Amino acid sequence: MTEAPAGKPVLAVDLGGTKIVTALITPQGRILSREYSPTLAEEGVDDVIRRILTTATTLVKNADLPYSSLSGIAIAAAGAIDTEKGVVTDSPNLPGWHNIPLKARIEQATGARTFVLNDATAAALGEHRFGAGRGVNNLIYLTVSTGIGGGIIIGGKLYSGATGSAGELGHMTIDLNGPHCPCGNIGCLEMLASGKAIAREAQRLIAQGARTMMLEMAEGDARYVSAQTVANAAHKGDAVALSVVNKAATYLGVGLVNFVNIFNPEMIIVGGGVGKMGETLLRPARKVVAERAFQFPASVVRIVSSELGDNSGLFGAVAFVADADRSL
Ligand SMILES: [Zn+2]
């Protein structure tokens, strides 16, 4: 397959646990059109791939752009991805996806060259090229949602490590004696500062009898208290919710201290569903960085919210295709 001239749009796909978002985006980052489909991963791998193809085909047909006129298809998928081979190795959000050759399957059906990359990695690239990190050479992107993932940009380039798995920022150990993480380790950042950690802590406090509006917001059943409930209650000034957010933000801050000391980044971008809390989350995290990180790098780093929000992965997919062309 030959190098695509500048200007051809990319078909970007964000393959998540609940929905598939497909968009045609120009190399300059203009969204031409967009389609959604539920993932329905429980219906099996073949069905999900069929839904990706149906949405993609609708999109290119409506835009009157045959697959051959695209510069490529790039799929940002949740999970462990072998980007070189285009294989979804494993994905906690996509049950049944083990060693699925997604790139080959999509190329077979469309004839368009296809790339597959991790969604958090894609989001990092997206923010770097089109979002909060434009023009920033050294940055860390952290997505805080149900889990925590991320990506590392060094010298303007995505850092992928020896085998392509770098950037598992949610799985740095923060508390040697902390909660067990599904990754097999103990006390990972993800177990202390993610959406599920926030929900778990709120539920724990409610079980201990804490007085909070969260219980009422969850129709009287603590099991329904989610990170979103905590965020909503914190926004309304609920003291228990604020203390839960503050605790998670403090752990998050400890994670950021490590990034600052190790990478000396110009910027740390926090995205993801929990990241949407913005300053409520970032202010206490910045305080921890100011208190604990090496002073000079801490005085330089800007800790900011994501600019692209839910679109960061799609834009990252576009950037990834552009980078692949550049490295040909
Ligand atoms: Zn872990």
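## A word on the overall build of the protein
Piece 1. Along its length, the protein carries 12 helices and 13 strands.
Piece 2. Since a compact globule built from 328 residues should have a radius of gyration of about 20 Å, the 20 Å found for the protein is in line with a globular shape.
Piece 3. Seen along its three principal axes, the alpha-carbon backbone of the protein occupies a region of about 60 × 45 × 35 Å.
Piece 4. Going through the 328 residues of the protein one by one, you find that 52% of them count as buried.

## Notes on the sheet that holds strand β13 (residues 302-305)
Piece 1. Spatially, β11-β10-β9-β12-β13 is the arrangement adopted by the five strands of the open sheet, whose pairing is mixed. Because the sheet does not close on itself, it has two edges, and the strands there are β11 (157-158) and β13.
Piece 2. Across four bridges, the pairing between strand β12 (residues 267-271) and β13 is parallel. Bridge assignment links I269 to a residue of β13, and that residue is V304.

## Looking at the coordination of the zinc ion
Each pair of donors in an ideal four-coordinate tetrahedral metal site encloses 109.5 degrees, whereas pairs in an ideal six-coordinate octahedral site enclose 90 or 180 degrees.
Piece 1. Coordination of the zinc ion by the protein involves H171 (ND1), C181 (SG), C183 (SG) and C188 (SG), with metal-donor separations of 2.0 to 2.3 Å.
Piece 2. Considered as a linear motif, the donors of the zinc ion on their single chain read H-x9-C-x1-C-x4-C.
Piece 3. Taking the relative accessible area as the measure of exposure, C183 reaches 45% and is therefore partly exposed.
Piece 4. For C188, a relative accessible area of 0% gives the class buried.

## Digging into helix α12 (residues 312-326)
Piece 1. In this model α12 runs 21 Å from its N-terminal to its C-terminal C-alpha over 15 residues, within 8% of the 21 Å that 1.5 Å per residue would give.
Piece 2. Taken across its 15 residues, α12 has 12 buried, putting it largely inside the fold.
Piece 3. Buried within α12 we find S312, G313, L314, F315, G316, A317, V318, A319, F320, V321, A324 and D325.

## Describing the confidence of the model for the protein
Piece 1. On average, residues of the protein score 94 in pLDDT, and 98% of them reach the 70 mark or higher.
Piece 2. pLDDT under 50 marks residues 1-5. Its contacts with residues more than four places away, or in other chains, come to seven contacts.

## Observations regarding the domain arrangement of the protein
Piece 1. Assigned domains within the protein: domain 1 (10-124 + 311-326) and domain 2 (132-306).
Piece 2. Counting residues at the interface gives five residues for domain 1, matched by seven residues for domain 2.
Piece 3. Of the roughly 530 Å² buried between domain 1 and domain 2 on both sides combined, carbon and sulfur atoms contribute 68%.
Piece 4. For the domain 1 face of the interface with domain 2, the top three residues by lost area are A120, T121 and A124, together amounting to 69%.
Piece 5. Seen at the junction of domain 1 and domain 2, the total is zero salt bridges.
Piece 6. Viewed at the interface, domain 2 and domain 1 are joined by zero residue pairs in polar contact (both at pLDDT 80 or more).

## Quick word on unusual backbone geometry
Piece 1. Phi is positive for L40, which is not a glycine, with a value near 50°.
Piece 2. In this structure, L40 sits in the loop between β3 (31-38) and α1 (45-62).
Piece 3. Residue L40 is classed as partly exposed on the basis of its relative accessible area of 30%.
Piece 4. With a phi angle near 55°, E219 is a residue other than glycine that sits in the positive phi range.
Piece 5. Among the secondary structure elements, E219 is positioned in the loop between α6 (214-217) and α7 (227-235).
Piece 6. Taking relative accessible area as the criterion, E219 reaches 74% and is therefore assigned exposed.

## A look at the sheet that holds strand β6 (residues 87-90)
Piece 1. Spatially, three strands are ordered β5-β6-β7 in an open sheet, and the strand pairing comes out antiparallel. Of all the strands in the sheet, just β5 (80-82) and β7 (98-100) have a single pairing partner and so form its edges. Shown here is a sheet whose adjacent strand axes are inclined to one another by a mean of 20°, direction ignored.

## Points about the pattern of salt bridges
Piece 1. Enumeration according to the criterion identifies 16 salt bridges in this entry.
Piece 2. As a salt-bridge pair, D325 and R113 come within 2.7 Å of each other at their nearest N and O atoms. Here D325, found in helix α12, pairs with R113, found in the loop between α2 (102-110) and β8 (114-118); they are 212 residues apart in sequence, far enough to count as distant. Neither residue differs from the other here; D325 and R113 are each classed as buried.
Piece 3. A salt bridge links R134 to E307, with the nearest nitrogen and oxygen atoms 3.3 Å apart. With R134 in the loop between α3 (119-130) and β9 (139-144) and E307 in the loop between β13 and α12, this residue pair connects regions lying 173 residues apart in the sequence.
Piece 4. When salt bridges that share partners are traced, they join R129, D323 and R326 into one network.

Parameters at a glance
- Residues numbered from 1 in each chain as written.
- Predicted model: local features only at pLDDT ≥ 70, side-chain atom pairs only at ≥ 80, totals over all residues.
- Heavy atoms only, no water.
- Helix = DSSP H or I, 4+ residues; strand = E, 2+ residues; numbered from the N terminus.
- Rg over C-alpha atoms; globule rule 2.2 N^0.38 Å.
- Buried < 20%, exposed > 50% of the residue type's maximum accessible area, 1.4 Å probe, protein only.
- Pairing = 2+ DSSP bridges.
- Donors = N, O, S within 2.8 Å, 3.2 Å for Na, K, Ca; no water.
- Expected span 1.5 Å × (residues − 1).
- pLDDT = per-residue confidence, 0-100.
- Contact = heavy atoms within 4.5 Å.
- Domains from an automatic or database assignment.
- Buried area = accessible area lost by both parts, 1.4 Å probe.
- Salt bridge = Lys/Arg side-chain N within 4 Å of Asp/Glu carboxyl O.
- Polar contact = N/O pair within 3.5 Å; in protein donor to acceptor, adjacent residues only side chain to side chain.
- Axes fitted to C-alpha atoms, helices over the stretch in contact; angles between N-to-C directions.

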